[in-house]
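Here are the chains, one letter per residue:
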Amino acid sequence: MSKINEKSTLNVKLTVKPILFTMYHIHAYMGPCRYGEGYALTTESDMEVTQKEFDIFKKEMEEEADLRNVEFLEPVVIFWNEDFALKEEQIQKALEDDAKTDFYLIRGLRISSYFAVELSKRTDKPIGHTPNKSAISKCDHVDMTAHLFAEGKPGYAFLDFEEMNRTFALRVKKALACTKIFFPLKSAMLTFGCQSSYLNLEDITRKFKVRFSHVNSDEVFQWLDALTDEEKAEAKALADKLEKESQGVHMPAEYILNDTEFYETIKKMMAHYDCNAFTIPCFEVCATRELNRRRLTFCLAHSLFKDEGIASACAGDVGSVLTITILMNIARKAPYMGNTMVLDKNTNQCRTLHDVACAQMKGYDEPALPTEFVSFTMDSWGTTMRYDFSKDNGEKLTMINMSPDMKKIMVAKGTINGCDDYLTPECKHAVRYTVKDAKRFHECQKFVGHHFALVYGDYVEEVKAFAKEDYELEKFDRENDGYRDAQLNAASIWMKYIPMFEILSQCLTIILMIM
């Protein structure tokens, strides 16, 4: 079990305001819109039923919602009467926590879709309708969403609580908005080794509200040289702990200290600049020969940060910081990342390689995986964490990557069937997996690049829920290559749909790869 860093986005919760909407009838009468007889037609009966349903509502939220991701504000009951006059005081009661509300969750007993539509005129927060197990006619949720969608507003008609929890992937958007990336620079803003990372950082801030803090990478080494004796002792204790708990150390153990001192340096700088994510350009800094002189690499720091819930990506790849953040918050597992390629189109064999495996890849609440340490260089320095992925042959992986313009996200599934160069120095450690159609995987990959983030398990639906927020969805099934090619142009790229992968766009239209 991992200790989550207090600044990790895993600590971010979606703040939800539960509202039960009902009608208190003033008069007793029967008719096509009124059920029951006798006492059931009284105001007192309506109030008793409301209290009973309110208690059920609160209990179900406590039992059915994933409370690791959601924080509920105080639930309230909002009512009107059969004169259909929705009082301003009731609207204000519903909105009293609007400033700290991320999501309104409504359960309705009487014509609640009207209330939801009226509420949407007074707030820009998304509104969802939770399942009501005791309702005879469970239709208010789709009545609400039809109206909201027609107005271009977000709305959520939950079929069940599983769908509700998936939709709370909205929390991932909040996690991104709470992300500040420590991004030391060298030579260029966009790293030479990852042109598919992004087009410009301003677009990322505008789209996801992610912020950045930059220093010249030379300053990192100045901070490293200025570590206090206490900080060096912490780095030594960490190095000793890693060596002791490892399943094997296949390099001189004394070199681990160089990498833990670098980790402590970045941790200190991130705290100074109030950051909770990290990336640094590998190629450019390596070319300064500073790493060679100091006998260290960045790999171990990336693994350690991810193990404590801090998104950390290789090669100055901001796009991978985002995809790691997304998967980490959806799966609550430490993601792996790396260069992704098709190995054999005939057997649908692919692999992803980088020396940044993690101990918590099976989950932050799970025991640490049996990892080992191997040097990055042939001179036996540069600590990298390794894991034998072949132990998990047959298990599923979910992988994602984003286009440089941040308008598309590719999500795919694979089945592990091997591990390459588990104990080999240099950047060769890889997980092998099969996909349904490697040729089409490659076609999709052309739009997003080579660095993919991966997590154990099937989280395709959760990624879709995240990617589709606030946008319309259109499905296409273009089987004719000629037709598809004719549609390609600079303004709109329609991809031939494939059975295994999905391209989801956060522009006006989400393009889906139909499974």
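Residues numbered from 1 in each chain as written. Predicted model: local features only at pLDDT ≥ 70, side-chain atom pairs only at ≥ 80, totals over all residues. Heavy atoms only, no water.

1. Quick look at the sheet that holds strand S15 (residues 383–386)
Filter applied, for reference: In this analysis, strands are considered paired if DSSP registers two or more bridges between them. For the purposes of this entry, the term helix denotes a DSSP run of H or I that reaches at least four residues, the term strand denotes a run of E that reaches at least two, and both are numbered from the N terminus. Contacts are assigned to residue pairs that have any heavy atoms within 4.5 Å of one another. Between the N-to-C directions of two axes lies an angle of 0 to 180 degrees, each axis being a line fitted to C-alpha atoms and, for a helix, fitted only over the stretch in contact.
The strand order across the open sheet built from 3 strands is S9-S14-S15, with neighbouring strands paired in mixed fashion. Lying at the two open borders of the sheet, with one neighbouring strand each, are strand S9 (249–250) and S15. Two strands pair when backbone bridges link them, and S9 and strand S14 (residues 372–375) are joined in this way by 2 bridges, in the parallel orientation. Bridge pairing links histidine 250 to valine 374 in S14. Taken strand by strand, helix H13 (residues 299–307) contacts S14 and S15, and its axis lies near 45° from that of S15.

2. Remarks on helix H16 (residues 460–467)
Threshold: Type-normalised accessible area, obtained with a 1.4 Å probe on protein chains alone, sets the label of each residue: buried when under 20%, exposed when over 50%, and partly exposed for intermediate values.
Among the 8 residues of H16, 6 are classified as buried, and the element is accordingly described as predominantly covered. All buried positions along H16 are accounted for by Val460, Val463, Lys464, Ala465, Phe466 and Ala467.

3. Description of the packing of aromatic side chains
Quick note on the threshold: Two aromatic rings from Phe, Tyr or Trp, using only the six-membered ring of Trp, form a pair when their centres are within 6.5 Å; if the ring planes differ by under 30 degrees the pair is stacked, by over 60 it is edge-to-face, and anything between is tilted. The criterion is that NZ of a Lys, or CZ of an Arg, lies within 6 Å of the ring centre and within 35 degrees of the ring normal, and then a charge sits over that ring.
Using the criterion set out here, one finds 20 aromatic pairs in the structure. Both rings, one in tyrosine 156 and one in phenylalanine 158, keep their centres 6.3 Å apart while their planes meet at 25°; by these two values the pair is stacked. Neither residue differs from the other here; tyrosine 156 and phenylalanine 158 are each classed as buried. The interplanar angle of 40° and the centroid separation of 6.4 Å between the aromatic rings of tryptophan 223 and tyrosine 273 together place this pair among those described as tilted. Note that tryptophan 223 is positioned in helix H8 (residues 217–225) and tyrosine 273 in the loop between helix H10 (256–272) and strand S10 (277–279), a separation of 50 residues in sequence. An aromatic cluster is present here, built from Phe182, Trp223, Phe262, Tyr263, Tyr273, Phe278, Phe298 and Phe305 joined pairwise through their rings. When the ring centre of tyrosine 29 is taken as reference, the NZ or CZ atom of arginine 34 above it lies at 5.1 Å. Looking at lysine 362, its charged tip hangs above the ring of tyrosine 456, at a distance of 5.0 Å from the centre.

4. A short note on the pairing of strand S18 (residues 430–434)
As defined by bridge partners, strand S13 (residues 349–353) adjoins S18 across 5 bridges and the pair is classed as antiparallel. Note that in S18 the partner of glutamine 349 across the bridge is threonine 434.

5. Section: the nonpolar core
Nonpolar side chains in soluble globular proteins tend to be buried together. Stated precisely, the cut-off is as follows: In plain words, nonpolar cores are sets of buried Ala, Val, Leu, Ile, Met, Phe, Trp, Tyr and Cys residues tied together by side-chain atoms within 4.5 Å.
Core analysis: the biggest nonpolar cluster contains 70 residues, and Ile204, Phe208, Ile326, Met361 and Phe389 have the highest contact counts within it. For this core, the element with the highest residue contribution is helix H14 (residues 318–331), accounting for 9 residues. Among all residues touching methionine 361, those that are not within four sequence positions of it are Lys333, Ala334, Tyr336, Leu369, Tyr387, Phe389 and Tyr456. Ranked by size, the runner-up nonpolar core spans 30 residues in total, among them Leu238, Leu242, Leu296 and Ile310.

6. A word on the packing of helix H9 (residues 229–245) against H10
Worth spelling out the cut-off: Roughly parallel covers angles under 35 degrees, roughly antiparallel covers those over 145, roughly perpendicular covers 65 to 115, and oblique covers all other angles. A crossing counts as left-handed when the near helix is turned anticlockwise from the far one by less than a right angle, and as right-handed when that turn is clockwise. Classes in brief: Ala, Val, Leu, Ile, Met, Phe, Trp, Tyr, Cys and Pro nonpolar; Asp, Glu, Lys and Arg charged; the others, Gly included, polar.
Relative orientation of the contacting elements H9 and H10 amounts to 125°, with a least axis distance of 8 Å. Between H9 and H10, the angle is such that the two are oblique. Crossing hand, H9 versus H10: right-handed. Of the residues in H10, those in contact with Glu231, Lys232, Glu234, Ala235, Lys236, Leu238, Ala239, Leu242 and Glu243 of H9 are Ile256, Leu257, Thr260, Glu261, Tyr263, Glu264 and Lys268. Grouping the constituent residues of the contact of H9 with H10 by class yields 7 nonpolar, 1 polar and 8 charged.

7. Structural notes on the packing of helix H6 (residues 170–177) against H14
Put simply, H6 and H14 touch, their axes get as near as 9 Å, and they point 135° apart. Between H6 and H14, the angle is such that the two are oblique. When you trace H6 past H14, the crossing you get is right-handed. Across from Arg171, Val172, Ala175 and Leu176 in H6, the residues of H14 making contact are Leu322, Thr325, Ile326, Asn329 and Ile330.

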